[in-house]
Amino acid sequence: MTTKDTHPYADSPLEPQSSTVVHTAITEEPLEPLLATAKRQTMTQQMGALVIFDGIVRNHDHGQAVAALSYSAHPQAQDFMERTVQGVADQLSGVRLWAVHRVGPIAIGESALTVLAAAGHRGLAFTACEMVADRIKAEVPIWKEQELTDGAVEWVGIDTPPAAR
């Protein structure tokens with residue numbers, strides 16, 4: 001998909017044409033305080049849409065109650081993250097992308113993955129945001145360890161198909 005596929009003004013010199021990965025990171029720090037800065041970094045005066053995906057830790061998974069969880073990342077996960085987000089930027093014209101995944105223990109109700117996608121128009125921004133979030137979940141080696149309320153512990157992402165994550 002390119003901006004030409006999404007709206008009739010794609011050939012206008014005023015429309016954003018190039019795509020940029022503004023920022024990617026894997027951090028142990030809470031993501032919520034980063035949001036205002038992420039919005040400022042991602043938006044430009046050419047952008048008319050900003051879509052934010054905020055993946056929140058919930059208290060259940062696959063029908064089981066979750067008491068606590070923690071994310072672990074492969075030592076090269078940041079490299080995977082950069083390549084994954086850049087792959088979306090290379091595929092779409094006129095988007096600005098920002099993505100951060102948190103690792104370590106994360107409380108229920110806190111953000112684990114935040115993605116921002118800006119574009120000249122909302123359709124492209126929604127598409128880009130969804131692509132980045134889906135590809136991070138599928139391609140970046142980050143695994144979730146969940147402690148269930150019944151005391152069982154399970155790992156998600158090590159042997160779980162990407163569609164089930």
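Check the entry above for the structure.
Quantities reported herein were computed from a predicted structural model and do not represent experimental measurements. (Residues numbered from 1 in each chain as written. Predicted model: local features only at pLDDT ≥ 70, side-chain atom pairs only at ≥ 80, totals over all residues. Heavy atoms only, no water.)

## Digging into helix 3 (residues 77-91)
Formally: Runs of H or I in DSSP of at least four residues are treated as helices and runs of E of at least two as strands, each being numbered from the N terminus. Under the convention used throughout, the expected extent of a helix is 1.5 Å for every residue step, that is, one less than its residue count. Note on exposure labels: buried denotes an accessible area under 20% of the residue type's maximum, exposed denotes more than 50%, and partly exposed covers the range between, all computed with a 1.4 Å probe on protein chains only. Starting at the helix axis, one direction is taken to each C-beta atom, and the arc is that of these directions. Here, two residues are considered to be in contact whenever any of their heavy atoms come within 4.5 Å of each other.
Between its first and last C-alpha, helix 3 extends 21 Å over 15 residues, near the 21 Å set by a 1.5 Å rise per residue. Buried within helix 3 are the following residues: Ala 77, Met 81, Thr 84, Val 85, Val 88 and Ala 89. Taken end-on, helix 3 shows its buried residues confined to a sector of 140 degrees, consistent with a single buried face. For helix 3, exposure combined with an orientation more than 90 degrees from the buried face picks out Arg 83 and Asp 90. On its buried side, helix 3 packs onto strand 1 (20-27), strand 4 (64-73), strand 5 (95-102), helix 4 (122-139) and strand 8 (142-148).

## Comments concerning the packing of aromatic side chains
Threshold: Here is the rule: rings of Phe, Tyr and Trp (six-membered ring for Trp) pair when centre to centre is within 6.5 Å. Planes less than 30 degrees apart are stacked, more than 60 are edge-to-face, and the remainder are tilted. Any Lys NZ or Arg CZ that is within 6 Å of a ring centre and within 35 degrees of that ring's normal is treated as a charge sitting over the ring.
A full pass over the atoms with the stated rule returns zero aromatic pairs. The cationic tip of Arg 83 hangs over the ring face of Phe 80; the distance from NZ or CZ to the ring centre is 4.9 Å.

## Some words on the sheet that holds strand 5
Definition in use: Paired strands are those between which DSSP finds at least two bridges. What counts as an axis is a line fitted to C-alpha atoms, over the stretch in contact for a helix, and the angles between N-to-C directions run from 0 to 180 degrees.
If you trace the four strands from one edge of the open sheet to the other, you get 1-5-7-2, paired in mixed fashion. In the strand order of this sheet, the two ends are held by strand 1 and strand 2 (49-56), each with one partner. Neighbouring strand axes in the sheet, compared pairwise and without regard to direction, differ in orientation by 5 degrees on average. Docked against the sheet, helix 2 (residues 35-42) engages strand 1, strand 2, strand 5 and strand 7 (111-119), running at close to 25 degrees with respect to strand 7. Contacting strand 2, strand 5 and strand 7, helix 4 crosses the sheet at an angle of about 145 degrees to strand 7.

## Comments concerning the environment of Gly 55
One can find Gly 55 in strand 2. For the pair Gly 55 and Gly 109, spaced 54 residues apart in sequence, the C-alpha separation works out to 9.5 Å. Residues in contact with Gly 55, not counting those within four places in the same chain, are Glu 110, Ser 111, Ala 112 and Leu 113.

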